[in-house]
Amino acid sequence: MALVSVSELKSQLNLDHDLDDALLAQKIDAAEGYCLSYLGGAFPDPVPVPLLQAVLMLAAFWYERREAGALNGNPYIVPFGVHDLLQAYRAWVV
């Protein structure tokens, strides 16, 4: 079950067409998988708003920048702020 809907991601991206709905759903799945991997566990229930924002930011970033590599001098694969949003919910193993 997706935490973020395609409709929510379209609002984040200011999209008003249905042409890329399948691609947007794939970006949501990838962003949720990345966030789960970074957290080291499951999403808490209920899912806190910062985690939903991290998924939205990451999915939108990957939709807008579909190729690997630097774009306009930005070599990042994860947008600034995503890790900051996830950090408080990360499962630490010591």
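A quick note: this is a predicted structure, and the numbers were derived from the prediction, not measured.

Definitions and limits used
- Residues numbered from 1 in each chain as written.
- Predicted model: local features only at pLDDT ≥ 70, side-chain atom pairs only at ≥ 80, totals over all residues.
- Heavy atoms only, no water.
- Salt bridge = Lys/Arg side-chain N within 4 Å of Asp/Glu carboxyl O.
- Buried < 20%, exposed > 50% of the residue type's maximum accessible area, 1.4 Å probe, protein only.
- Helix = DSSP H or I, 4+ residues; strand = E, 2+ residues; numbered from the N terminus.
- pLDDT = per-residue confidence, 0-100.
- Phe/Tyr/Trp six-rings, centres within 6.5 Å; stacked < 30°, edge-to-face > 60°.
- Lys NZ or Arg CZ within 6 Å of the ring centre and 35° of its normal.

(A) Local environment of the pattern of salt bridges. Inspection of every chain in the model, using the stated rule, returns 3 salt bridges. Its salt-bridge partner being K10, residue D18 comes within 2.6 Å of it at the nearest N-O pair. The class for D18 is exposed, based on a relative accessible area of 57%. A salt bridge links K10 to D21, with the shortest nitrogen-to-oxygen separation between them at 3.2 Å. Placement of the pair is K10 in helix 1 (residues 6-13) and D21 in helix 2 (residues 21-39), with a sequence separation of 11 residues. The network of salt bridges with shared partners includes K10, D18 and D21.

(B) Quick peek at the confidence of the model for the protein chain. Looking at the protein chain as a whole, the pLDDT averages 89, with 89% of positions reaching at least 70. Here helix 4 (residues 82-87) is the element of the protein chain with the lowest mean pLDDT, 94, and helix 1 is the one with the highest, 97.

(C) Quick peek at the packing of aromatic side chains. Applying the stated criterion across every chain yields a total of 1 aromatic pair. On the numbers, 5.9 Å between centres and 90 degrees between planes, the contact of Y34 with W62 is edge-to-face. Note that Y34 is positioned in helix 2 and W62 in helix 3 (residues 49-64), a separation of 28 residues in sequence. The exposure class assigned to Y34 is partly exposed, which follows from its relative accessible area of 24%. Over the aromatic face of Y38 sits the side chain of R90, whose NZ or CZ is 4.1 Å from the ring centroid. A cation sits over an aromatic face here: R90 above W92, 5.0 Å from the ring centre.

(D) Just the environment of S5, in detail. Here S5 shows up in the segment before helix 1. Along the chain, S5 and I28 lie 23 residues apart, while their C-alpha atoms are 7.9 Å from each other.

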